[in-house]
Amino acid sequence: MAAKILANLIVMGSGILIRGMVQAYRQALQNASKTGVAQETLQNAVRRGSKAMTEQEARQILGVTEQSSWEEVAKKYDTLFERNATNGSFYLQSKVHRAKECLESVYQKNQPGDPSV
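Because the structure is predicted, anything quoted here is derived from the model rather than measured. (Residues numbered from 1 in each chain as written. Predicted model: local features only at pLDDT ≥ 70, side-chain atom pairs only at ≥ 80, totals over all residues. Heavy atoms only, no water.)

Moving on: the packing of helix α4 (residues 70–87) against helix α5 (residues 90–110). Remark: α4 packs on α5, axes separated minimally by 9 Å, with the N-to-C direction vectors making an angle of 165°. Taken as axis vectors, α4 and α5 run roughly antiparallel relative to one another. Of the two possible hands of crossing, α4 and α5 adopt the one that is left-handed. Of the residues in α5, those touching α4 at Trp70, Val73, Tyr77, Leu80, Phe81, Asn84 and Ala85 are Leu92, Gln93, Val96, His97, Lys100, Leu103, Glu104 and Tyr107. Of the residues belonging to the contact of α4 with α5, the class tally is ten nonpolar, three polar and two charged. (Axes fitted to C-alpha atoms, helices over the stretch in contact; angles between N-to-C directions. Helix = DSSP H or I, 4+ residues; strand = E, 2+ residues; numbered from the N terminus. Parallel < 35°, antiparallel > 145°, perpendicular 65-115°, else oblique. Left-handed = near helix turned anticlockwise from the far one by under 90°. Contact = heavy atoms within 4.5 Å. Nonpolar A, V, L, I, M, F, W, Y, C, P; charged D, E, K, R; others polar.)

See below:
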């Protein structure tokens, strides 16, 4: 008998606790969307969650050196991207794409007036 009462108390208590947590979460989302914090937090989480590729890693993936021109980088990218598109893996193809994006930002910083980058 006591076990049945105890089980009912646990079930009822957990139900009340869960409802309270759901209401608090909804209220927090409403408050965050009013102030724009939700979007900013999501963007920060994505930035932190996606481990940024280093320039050195990008150069290793594409097989280029620091002295390589942007045309060489683009040519290597096209070759590796197409090779992985036809009979490679999507993972490798995405790594090649991220490497190109990383080096693209590096080359744009080094040559801000060059529209071909």
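Now that the structure is up, let's keep going.
Moving on to the nonpolar core. Counting residues in hydrophobic clusters, the biggest one holds twelve residues: Met53, Ala58, Leu62, Val64, Trp70, Val73, Tyr77, Val96, Ala99, Cys102, Leu103 and Tyr107. For this core, the secondary-structure elements that each account for two or more residues are α3 (55–62), α4 and α5. Looking at which element gives the most residues to this core, the answer is α5, with five residues. Leaving out residues up to four positions away in the same chain, Tyr77 has contacts with Leu62, Val96, His97 and Lys100. (Core = buried A, V, L, I, M, F, W, Y, C linked by side-chain atoms within 4.5 Å. Buried < 20%, exposed > 50% of the residue type's maximum accessible area, 1.4 Å probe, protein only.)

Here we take up the confidence of the model for the protein. Mean pLDDT over the protein works out to 82, with 81% of the residues at or above the 70 mark. Element-level mean pLDDT values for the protein span from 61 in helix α2 (residues 37–49) up to 92 in α3. (pLDDT = per-residue confidence, 0-100.)

Glancing now at the pattern of salt bridges. Enumeration over the complete set of coordinates arrives at three salt bridges. With a closest N to O distance of 2.9 Å, Glu55 and Arg59 form a salt bridge. With Glu55 and Arg59 both in helix α3, this residue pair falls four residues apart, about one helical turn. Arg59 gets classed as buried once you look at its relative accessible area, which sits at 9%. The salt bridge involving Glu101 is made with Arg98; its shortest N-O contact spans 2.8 Å. Of this pair, Glu101 and Arg98 both sit in helix α5, three residues apart, which is roughly one turn of the helix. Under the relative-accessibility criterion, Glu101 is labelled partly exposed at 34%. The class of Arg98 is partly exposed, set by a relative accessible area of 45%. (Salt bridge = Lys/Arg side-chain N within 4 Å of Asp/Glu carboxyl O.)

The geometry of α3 relative to α5 is characterised by a closest axis approach of 9 Å and an angle of 125° between their N-to-C directions. Considering their axes alone, α3 and α5 lie oblique with respect to each other. Crossing angle aside, the handedness with which α3 passes α5 is left-handed. The segment α3 lies against α5, with Glu55, Glu57, Ala58, Arg59, Ile61 and Leu62 engaging Lys95, Val96, Ala99, Lys100, Cys102, Leu103, Val106 and Tyr107. Of the residues that constitute the contact of α3 with α5, the class distribution is nine nonpolar, no polar and five charged.

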